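# Per-entry structural report
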Amino acid sequence: QVQLVESGGGLVQAGGSLRLSCAASGRTFSDYAMGWFRQAPGKEREFVAGIAWSGGNTYYSDSVKGRFTVSRDNDRNTGYLQMNSLKPEDTAVYYCAADRYIYFSGRRSYDAPSWDYWGQGTQVTVSS
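It should be emphasised that the depicted structure is a prediction, and the values quoted were computed from it without experimental measurement.

Take the pattern of salt bridges next. Scanning the entire structure with this criterion turns up four salt bridges. With a closest N to O distance of 3.4 Å, Arg100 and Asp31 form a salt bridge. Note that Arg100 is positioned in the loop between strand E9 (92-99) and strand E10 (117-118) and Asp31 in the loop between strand E3 (18-24) and strand E4 (33-39), a separation of 69 residues in sequence. Residue classification places Asp31 among the partly exposed residues on the basis of a relative accessible area of 33%. Here Arg38 ties to Asp90 by a salt bridge, and the two come within 2.9 Å at their closest N and O atoms. Linking Arg38 in strand E4 with Asp90 in the loop between strand E8 (78-83) and E9, this pair joins segments that are 52 residues apart in sequence. Residue class for Asp90 comes out buried when judged on its relative accessible area of 1%. In this structure, a network of salt bridges that share partners links the residues Arg38, Glu46, Arg67 and Asp90.

On to the nonpolar core. The biggest cluster of nonpolar side chains holds 27 residues, and the ones touching the most others in it are Trp36, Val48, Phe68, Leu81, Met83 and Tyr94. Of all the elements in the fold, those that place two or more residues in this core are E3, E4, strand E5 (46-51), strand E7 (68-73), E8, E9 and strand E11 (122-127). When residues no more than four places from it in sequence are discounted, the contact partners of Met83 are Gly16, Ser17, Leu18, Leu20, Arg67, Phe68, Tyr94 and Val124. Within the second largest apolar cluster, eight residues are counted, among which are Ala33, Phe37, Ile102 and Phe104.

We now examine the pairing of E3. Judged by how many residues are buried, E3 sits mostly within the fold: five of seven residues are covered. Strand direction decides the pairing type here: strand E1 (residues 4-7) and E3, joined by four bridges, are antiparallel. Looking across to E3, one finds that Leu4 is bridged to Ala24.

One non-glycine residue, Asn77, adopts positive backbone phi at about 55 degrees. With respect to the secondary-structure elements, Asn77 resides in the loop between E7 and E8. What makes Asn77 buried here is its relative accessible area of 17%. Within the chain, Phe104 stands out as a residue other than glycine whose phi angle is a positive 55 degrees. The exposure class of Phe104 is buried, given its relative accessible area of 8%.

Analysis parameters
Residues numbered from 1 in each chain as written. Predicted model: local features only at pLDDT ≥ 70, side-chain atom pairs only at ≥ 80, totals over all residues. Heavy atoms only, no water. Salt bridge = Lys/Arg side-chain N within 4 Å of Asp/Glu carboxyl O. Helix = DSSP H or I, 4+ residues; strand = E, 2+ residues; numbered from the N terminus. Buried < 20%, exposed > 50% of the residue type's maximum accessible area, 1.4 Å probe, protein only. Core = buried A, V, L, I, M, F, W, Y, C linked by side-chain atoms within 4.5 Å. Contact = heavy atoms within 4.5 Å. Pairing = 2+ DSSP bridges.

Now the structure itself:
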């Protein structure tokens, strides 16, 4: 019912910035919560940031809080992840996810298997 396509990944120096975009299909994008996850080689997929369907509430992992900003533009069916002060440990494949029934009210909301729809991922590499 919803398709997601990430873009904006690439190579950036430590301390630099990058903005990821997540384009969603359909006209009901506003009904879905959006999350960003990342997966580094040899590691499990982990939660990075999330935003409620209304855009009024945002959520971040401790490792990125204060550096990353998640937002969405429902009129354009697009979500964003602004990444500032990037560190080499931020290097990973970043995935956009969406789900109609994620409310960030418990631990389940931050687990990758809980989310129904996923993008293909985009590589972010931070050099030192």
